[in-house]
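Spelled out, the chains give:
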Amino acid sequence: MYQNTPSRSTIRLTRRGRLVLIATGAVVAGTAVAVPLLSLDSDKAAKPTALVIPEGWRAGQVYAAIDKALARPAGTARKALARAALKLPTDAEGNPEGYLFPATYPLNDKTTPESLLSFMVDTANQKFNGAPMAAGAQRNAMNVYQAVTIASIVQAEAAAKADMGKVARVIFNRLERGMPLQMDSTINYALNRSTLRTTDADTRIDSPYNSYQRMGLPPTPIDNPGEEAMRAAITPTPGDWLYFVTVKPGDTRFTADYQEHLRNVAEFNARQKKSAQPAK
């Protein structure tokens, strides 16, 4: 167990990987981007010929996109899971989260929810089970499913692609030291929401996805990560970092020193306070 770790009530890691002080009541700025997929505004609209699944979407978002693209009633894709015979790893226990691979999928008159879901999972297996990914997972003493789980957290937490390797290293360092991950992205997943604000009460919810209260990785991925997040999960950037905070866009600071982190947080809070003041 890593000693001299700040108490859970003093630090918080936000959805975009920003640690802030609960005592300061800081609110983290960030953007959850939802990419419009298709326009089916009227009967005159042409049938879509492709479905784009962005990196980091959760399974629920993918199901809704499939229903919309194929003009099916809401809930159709989710119900199709039982008939799709998806080739998921045993650890997934039938849950495709993490394996609905983000990509562009062609559509035609014969496309069904089952065929789309199978296509996505087959694509994920092709990407994740190849020699580089599988060997990378083994090199880090984990199986592919655990690597996908870490990649999903990296996808949710990294403010920029350039930070993914460092975020992955923070996850590994915390796991190795017996520290809770304390990721707000896992709390948001548990509560089926996307928000920048997590309360102290949120961190006490009874859920296996509560990485404040439970040690180790969540039981499943929390979204569907792309290849870059997966590469970060199997080849994390070397470093001793335990904390990180995005002080401003393009300026994410990683550190192993808690006092240095507090100074970074103070700068972040000062910037937030200044930006919140009304213009004169």
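Along each chain, numbering runs from 1 in the same order as the chain's sequence is written. Local features in this predicted model are restricted to residues whose pLDDT is 70 or higher, and side-chain atom pairs enter the listing and the counts only when it is 80 or higher, whereas totals over whole chains, interfaces and linings include all residues. Excluded from the side-chain calculations are hydrogens and water; all other atoms, namely the structure's heavy atoms, are used.

A. Seen up close, helix α9 (residues 258–276). Helix length check: α9 (19 residues) gives 26 Å between terminal C-alpha atoms against 27 Å at 1.5 Å per residue, within 8%. Buried residues of α9: Y258, H261, N264, V265, F268 and N269, and no others. Buried residues of α9 fall within an arc of 140° about the axis and therefore sit on the same side. Those residues of α9 that are exposed and angled more than 90 degrees off the buried face are R263, K273 and K274. Numbered from the N terminus, helices here are DSSP runs of H or I no shorter than four residues, and strands are runs of E no shorter than two. For a helix, the expected span equals 1.5 Å multiplied by the number of residues minus one. With a 1.4 Å probe rolled over the protein chains alone, any residue whose accessible area is under 20% of its type maximum counts as buried; one over 50% counts as exposed, and the rest are partly exposed. The directions considered for the arc are those from the helix axis to the C-beta atoms.

B. Region of the structure containing the nonpolar core. Counting 59 residues, the largest nonpolar core has L51, I66, Y99 and V154 as its most contacted members. When contributions to this core are tallied by element, the ones reaching two or more residues are α1 (59–69), α2 (76–84), α3 (113–128), α4 (131–139), α5 (144–157), α6 (164–176) and α8 (227–234). Whether two residues are in contact is decided by their heavy atoms: any pair within 4.5 Å suffices. Ignoring sequence-local partners within four residues, the contact set of V154 consists of M164, V167, A168, I171, A229 and A232. The nonpolar core is taken to be a set of buried Ala, Val, Leu, Ile, Met, Phe, Trp, Tyr and Cys residues, with the residues joined through side-chain atoms within 4.5 Å.

C. A look at empty space enclosed by the protein. In the cavity and pocket records, a cavity denotes points on a 1 Å grid over the protein atoms alone where a 1.4 Å probe fits but cannot get out, a pocket denotes an open set with protein on both sides within 12 Å along at least 5 of 7 lines, and lining residues are residues with an atom within 4 Å of a point. Grid points are joined across faces, edges and corners, and a volume is the space filled by probe spheres set on the points. Summed over all chains, the structure comprises one cavity of 30 Å³ or more. Each pocket or cavity is described by its volume, and for the largest cavity that value is around 40 Å³. If you trace the largest cavity, you find it lined by T186, P208, Y209, N210, S211, R214, M215, G216, L217 and P218. Across the lining of the largest cavity, the residue classes tally to five nonpolar, four polar and one charged. Charged means Asp, Glu, Lys or Arg here, nonpolar means Ala, Val, Leu, Ile, Met, Phe, Trp, Tyr, Cys or Pro, and polar covers whatever is left, Gly included.

D. How the structure looks around the environment of L217. Structurally, L217 can be placed in the loop between α7 (184–190) and α8. Residue L217 is classed as partly exposed on the basis of its relative accessible area, which comes to 25%.

E. The pairing of strand β5 (residues 243–248), seen in detail. Most of β5 is tucked away: five of the six residues are buried. For two strands to count as paired, DSSP must find a minimum of two bridges between them. The pairing of β5 with strand β6 (residues 251–255) spans five bridges and is classified as antiparallel. Residue pairing in the sheet places F244 in a bridge with F254 of β6. Count of turn residues in the β5/β6 antiparallel hairpin: two residues, of which G250 carries a positive phi of about 85°.

F. View of the environment of M133. Turning to its location among the elements, M133 is positioned in helix α4. A residue is classified by how much of its surface remains accessible, and M133, at 7% relative accessible area, is buried. Linking M133 and V148, residues 15 residues apart in sequence, is a C-alpha distance of 9.8 Å. If we skip the residues at most four places from it in the chain, M133 touches K127, F128, E227, M230, R231 and I234.

G. Inspection of α5 at higher detail. Counted at 1.5 Å a residue, the expected span for α5 with its 14 residues is 20 Å, and the 20 Å between its end C-alpha atoms agrees. By the criterion of burial, α5 is predominantly enclosed, with 13 of the 14 residues buried.

H. Representation of unusual backbone geometry in the model. Of note in this structure, E93 is not a glycine but carries a positive phi near 50°. Backbone geometry at N192 places phi at a positive 55°, although glycine is not the residue there. As for its position among the elements, N192 is in the loop between α7 and α8.

I. Quick peek at the side chain of D251. Checked against the element boundaries, D251 lands in strand β6. A polar atom in the side chain of D251 sits 2.8 Å from the side chain of R253. Setting aside chain neighbours within four positions, we find D251 in contact with V245 and T246. By the criterion applied in these results, polar contacts are pairs of N or O atoms within 3.5 Å in which, for protein atoms, one can donate a hydrogen and the other can accept it, and in which residues neighboring in sequence qualify only through two side-chain atoms.

J. Highlighting the confidence of the model for the protein. Averaged over all residues, the pLDDT of the protein equals 86, while 83% of them reach at least 70. Below pLDDT 50 for its whole length, residues 1–12 participates in 38 contacts with residues either more than four positions away or in separate chains. Per-residue confidence from the predictor is reported as pLDDT, which spans 0 to 100. A low-confidence stretch, residues 14–40 (pLDDT under 50), is modelled with 91 contacts involving residues beyond four sequence positions or located in other chains.

K. Structural context of the pattern of salt bridges. Basic side-chain nitrogens of Lys or Arg form a salt bridge, by our definition, when they fall within 4 Å of a carboxyl oxygen of Asp or Glu. The tally for this structure, following the rule as stated, stands at 10 salt bridges. In this structure, D200 and R204 form a salt bridge, with 2.3 Å as the shortest nitrogen-oxygen distance. Residues R253 and D251 are paired through a salt bridge, measuring 2.8 Å at the closest nitrogen-oxygen approach. Given the relative accessible area of 23%, R253 is considered partly exposed. Overlapping salt bridges bring together D251, R253, E267 and R271 as one network.

L. Just the packing of α1 against α2, in detail. Where α1 meets α2, the closest approach of the two axes is 7 Å, and the angle between their N-to-C directions is 105°. Here α1 is positioned roughly perpendicular relative to α2, judged by the angle of their axes. Contacts between α1 and α2 involve G60, Y63, I66 and D67 on the former and, on the latter, T76, A77, R78 and L81. Every angle, taken between N-to-C directions, lies between 0 and 180 degrees, and every axis is a line fitted to C-alpha atoms, over only the stretch in contact when it is a helix. An angle below 35 degrees is read as roughly parallel, one above 145 as roughly antiparallel, one from 65 to 115 as roughly perpendicular, and any other as oblique.

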